[in-house]
2 protein chains.
Amino acid sequence: MDEAAIKAMIHRLPSEQVLNRICQTFGALQCTTRLQILLLLQLGPLCVTDIENILGQSQSAISHSLRTLRQLDLVRTKREGRFTVYHLADEHVSVLVEMCQKHAKEMES
Amino acid sequence: MDEAAIKAMIHRLPSEQVLNRICQTFGALQCTTRLQILLLLQLGPLCVTDIENILGQSQSAISHSLRTLRQLDLVRTKREGRFTVYHLADEHVSVLVEMCQKHAKEMES
DNA sequence: TGAACATATGAACAATAGTTCATATAAGTA
DNA sequence: TACTTATATGAACTATTGTTCATATGTTCA
């Protein structure tokens, strides 16, 4: 492969910015807790305490996980009285999570 | 949400085994080098030296990245003379990478 | 066989990410 | 207003991951 071909390949790759953003998103899904949270939220919105109870993890651990997801705009919140209800951020996220869901189901058998 | 509802939710989640496998895969994509490698290989098979040149990274770094991808069976190899040619492992991987590609393109604008 | 090229690997170190503990904030309720 | 419940956050610690350096392995070619 000559130098011209190499340069051509470089230009076919996404910009650093876009690359980082995508990798950060994957990074968030690399942790089972966070992936589970997204899978749960795909079934419907949940408040923090529910997530804690379902996943059997400490308040702090869940809250930190949620923060990570929030900061990446994978989930969003809505105050409802004294509860903070979490939901998936948008269709893009929903599609991604659904893909995981399907893949998981396939692997399960 | 009562205890029964919580138990019901737990059962809708994938098994730990499947969960781990999926998260490991995402973990591999969390690193820009490895994501770039997959994006490159989606365009066609490449030998290690080409990947090094395109990404401008050290032999060792690329080789370690490739090992990670290989161990997760995201890429496979084929010896061709003194070169080791890498390619995406299967259709599943290809679909996933293509999704990234499309998403990247969308974000680029 | 020896030299050059292509690739892999282990170990050490550096950087990142996850977890826990203590504490803070905020809303509802008595 | 004080108390309880719900959630968030910072700091310290631990674990995981990535990178580099040195070296090993395997292939071709003279």
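Up top is the structure.
Residues numbered from 1 in each chain as written. Chains lettered and ligands numbered in written order. Predicted model: local features only at pLDDT ≥ 70, side-chain atom pairs only at ≥ 80, totals over all residues. Heavy atoms only, no water.

Undergrad: Would you mind going over the relation of the copies chain B and chain A with me for this structure?
TA: Two chain copies here: they are related by a rotation about an axis and a translation along the same axis. Once chain B is rotated about the relating axis by 180° and shifted along it by 0.0 Å, it coincides with chain A to within an RMSD of 0.0 Å. With respect to symmetry, the two chain copies, as superposed, fit the operation of a two-fold axis. When C-alpha distances to the rotation axis are compared across chain B, the minimum falls at F26(B), with a value of 2.6 Å. A shared interface surface links the copies, since 100% of the contact residues of chain B are contact residues in chain A too. (Least-squares fit on C-alpha atoms with pLDDT ≥ 70 in both. Contact = heavy atoms within 4.5 Å.)

Undergrad: Is there a simple way to think about the protein's contact with DNA strand D in this case?
TA: If you check the shell around DNA strand D, you find 22 residues, and the closest are T49(A), H64(A), Y86(A), R34(B) and S60(B). A distance of 3.3 Å separates a phosphate oxygen of DNA strand D from a polar backbone atom of V48(A). For the surface near DNA strand D, the elements supplying multiple residues, two or more each, are α4 (48-55), α5 (59-71) and β3 (83-88) of chain A together with α5 (59-71) of chain B. A per-element tally of the surface near DNA strand D places α5(A) first, with 6 residues. (Near = heavy atom within 4 Å. Polar contact = N/O pair within 3.5 Å; in protein donor to acceptor, adjacent residues only side chain to side chain. Helix = DSSP H or I, 4+ residues; strand = E, 2+ residues; numbered from the N terminus.)

Undergrad: Explain the nonpolar core here, please?
TA: One broad rule of soluble globular proteins: the nonpolar side chains tend to lie buried together. With 70 residues, the main nonpolar core has L35(A) and L35(B) as its most contacted residues. Once residues lying within four places of it in the same chain are set aside, the contact partners of L35(B) are L19(A), I22(A), C23(A), F26(A), L29(B) and C100(B). (Core = buried A, V, L, I, M, F, W, Y, C linked by side-chain atoms within 4.5 Å. Buried < 20%, exposed > 50% of the residue type's maximum accessible area, 1.4 Å probe, protein only.)

Undergrad: Would you mind going over the pairing of strand β2 (residues 75-80) of chain A with me for this structure?
TA: Looking down a regular strand, the side chains alternate between one sheet face and the other. All names here are of chain A. Where β2 and β3 come together, 6 bridges link them in antiparallel fashion. Note that in β3 the partner of V75 across the bridge is L88. Joining the antiparallel neighbours β2 and β3 is a turn of 2 residues, in which G81 adopts a positive phi near 60°. (Pairing = 2+ DSSP bridges.)

Undergrad: Just checking my understanding: could you explain helix α3 (residues 32-43) of chain A for this structure?
TA: Spacing of three or four residues puts side chains on the same side of an α-helix, whose turn is 3.6 residues. Residues and elements named next belong to chain A. Across its 12 residues, α3 extends 17 Å between first and last C-alpha, which sits within 8% of the 16 Å expected from 1.5 Å per residue. With 9 of 12 residues buried, α3 lies mostly within the body of the structure. Within α3 the residues assigned to the buried category are T33, R34, L35, Q36, I37, L38, L39, L40 and L41. One or two steps after α3, the chain reaches G44, where phi turns positive at roughly 150°. (Expected span 1.5 Å × (residues − 1).)

Undergrad: Hey, could you run me through the interface of chain B and chain A in this one?
TA: When the parts of a complex come together, some accessible area is lost, and that lost area is often taken as the interface size. On the chain A side, the residues contacting the 40 residues of chain B number 40 residues. Of the roughly 3800 Å² buried between chain B and chain A on both sides combined, carbon and sulfur atoms contribute 78%. Broken down residue by residue, the surface that chain B buries against chain A is led by L13(B), F26(B) and I54(B), which jointly contribute 15%. Connecting chain B to chain A are 0 salt bridges. Here chain B and chain A share 4 residue pairs in polar contact (both at pLDDT 80 or more) between them. Listing elements by their share of the side of chain B that touches chain A, those giving two or more residues are α1 (3-11), α2 (16-29), α3 (32-43), α4 (48-55) and α6 (91-108) of chain B. Looking at the side of chain B that touches chain A element by element, the count peaks at 10 residues for α6(B). Of the residues in the side of chain B that touches chain A, the class split is 25 nonpolar, 10 polar and 5 charged. (Buried area = accessible area lost by both parts, 1.4 Å probe. Salt bridge = Lys/Arg side-chain N within 4 Å of Asp/Glu carboxyl O. Nonpolar A, V, L, I, M, F, W, Y, C, P; charged D, E, K, R; others polar.)

Undergrad: What's the story with the sheet that holds strand β3 (residues 83-88) of chain B in this structure? I'm lost.
TA: The pairing of strands in a sheet comes from backbone hydrogen bonds and takes either a parallel or an antiparallel form. Residue and element names in this part refer to chain B. Taken in spatial order, the 3 strands make up an open sheet running β1-β3-β2, and their pairing is antiparallel. Every interior strand has two partners, whereas the edge strands, β1 (46-47) and β2 (75-80), have only one. Where β1 meets β3, 2 bridges bridge the pair, whose relative direction is antiparallel. Among the inter-strand pairings, L46 is bridged to a residue of β3, identified as Y86. Running over the sheet, α5 touches β2 and β3 and is turned about 115° from β2. (Axes fitted to C-alpha atoms, helices over the stretch in contact; angles between N-to-C directions.)

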